[in-house]
Amino acid sequence: MEKLTGKKINTAVFISGKGSNLKSLIKYSKSKYSPIKIKLVISNKTNAKGLKYANINKIPKKIINFKKKFQAETRILNILNIKKINFICLAGFMIVFSKKFINKFPGKIINIHPSLLPKYKGLNTHIRVLKNNEKFSGCTVHYVNSNIDSGKIILQKKVKIIKNETVSSLSKKILKEEHKLYPKAINKIL
Ligand code: GRF
């Protein structure tokens, strides 16, 4: 099995918040069956809670201020180059990259979104899903292109919406599935 002996792909994970997907990706990356090695965590927020997982696991981290997007992207490209990063996982990263940035990593940037895309792109997914009385929601791992949550779908997991479902209960239920789906999706494409 090549994956057991082959060199792992240098990966960066981008976050803005809690980092529960980062946590699950770090766990997954440590398995000998995983094709990725997480070499870098990037956050656009100094106070992103998820940065603690980089600290605990001694993964280098960078905080990048996105007030000036062009400069921020240039800086990131430089860092990714120095660290020889070949694969990028967005995990709750709240910035939309420019076309120019995305084109530097064709087919190498993926994202996780808490809905059954192409339905409910963008923010506040769970509120909109519940308002529309949907029977199901879920999560999607997809390639990133320059339109929000619109790249080719890699994998999806459906969850059932129960009676009296709340934003909080739905979000918890979907996050639990996200933590399993993201590694599966990476395994599928690498
Ligand atoms: C997840 O629901 C993910 O699908 C969305 O942002 C959330 C990030 O959660 N893109 P966490 O920071 O990984 O806990």
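Residues numbered from 1 in each chain as written. Predicted model: local features only at pLDDT ≥ 70, side-chain atom pairs only at ≥ 80, totals over all residues. Heavy atoms only, no water.

A.B. asks: I would appreciate a short explanation of the site of the ligand in the present structure.
C.D. replies: Neighbouring residues of the ligand: Lys18, Gly19, Ser20, Asn21, Gly92, Ile112, His113, Pro114, Leu175 and Glu178. Ser20 places a polar side-chain atom, nitrogen or oxygen, 2.5 Å from an oxygen atom of the ligand. The backbone of Ile112 places a nitrogen or oxygen atom 3.0 Å from a nitrogen atom of the ligand. Against a free-state accessible area of 370 Å², the protein chains account for coverage of 83% of the ligand. Of all the elements in the fold, those that place two or more residues in the shell around the ligand are α2 (20-29), β5 (109-113) and α7 (167-189). In terms of residue class, the shell around the ligand is built from three nonpolar, five polar and two charged. (Near = heavy atom within 4 Å. Polar contact = N/O pair within 3.5 Å; in protein donor to acceptor, adjacent residues only side chain to side chain. Areas by Shrake-Rupley, 256 points an atom, 1.4 Å probe, with all protein chains shown as cover. Helix = DSSP H or I, 4+ residues; strand = E, 2+ residues; numbered from the N terminus. Nonpolar A, V, L, I, M, F, W, Y, C, P; charged D, E, K, R; others polar.)

A.B. asks: Please explain the nonpolar core as it appears in this structure.
C.D. replies: Taken as a class, soluble globular proteins show a tendency for nonpolar side chains to be buried jointly. With 33 residues, the main nonpolar core has Tyr182 and Ile186 as its most contacted residues. Per-element tally for this core: the top contributor is α7, with six residues. Of all hydrophobic cores here, the second largest spans 21 residues; its members include Ile79, Ile85, Ile88 and Ile95. (Core = buried A, V, L, I, M, F, W, Y, C linked by side-chain atoms within 4.5 Å. Buried < 20%, exposed > 50% of the residue type's maximum accessible area, 1.4 Å probe, protein only.)

A.B. asks: For this particular structure, what's the right way to read unusual backbone geometry?
C.D. replies: Peptide bonds are trans in most cases, and residues, glycine excluded, mostly fall at negative phi. Between Leu117 and Pro118 the backbone carries a cis peptide bond, its omega angle lying at 10°. Here Pro118 lies in the loop between β5 and α6 (125-131). Of note in the backbone geometry, Asp149 takes a positive phi value of approximately 50° without being a glycine. Mapped onto the elements, Asp149 comes out in the loop between β6 (136-143) and β7 (153-160). On the basis of relative accessibility, which here comes to 13%, the residue Asp149 falls in the buried class.

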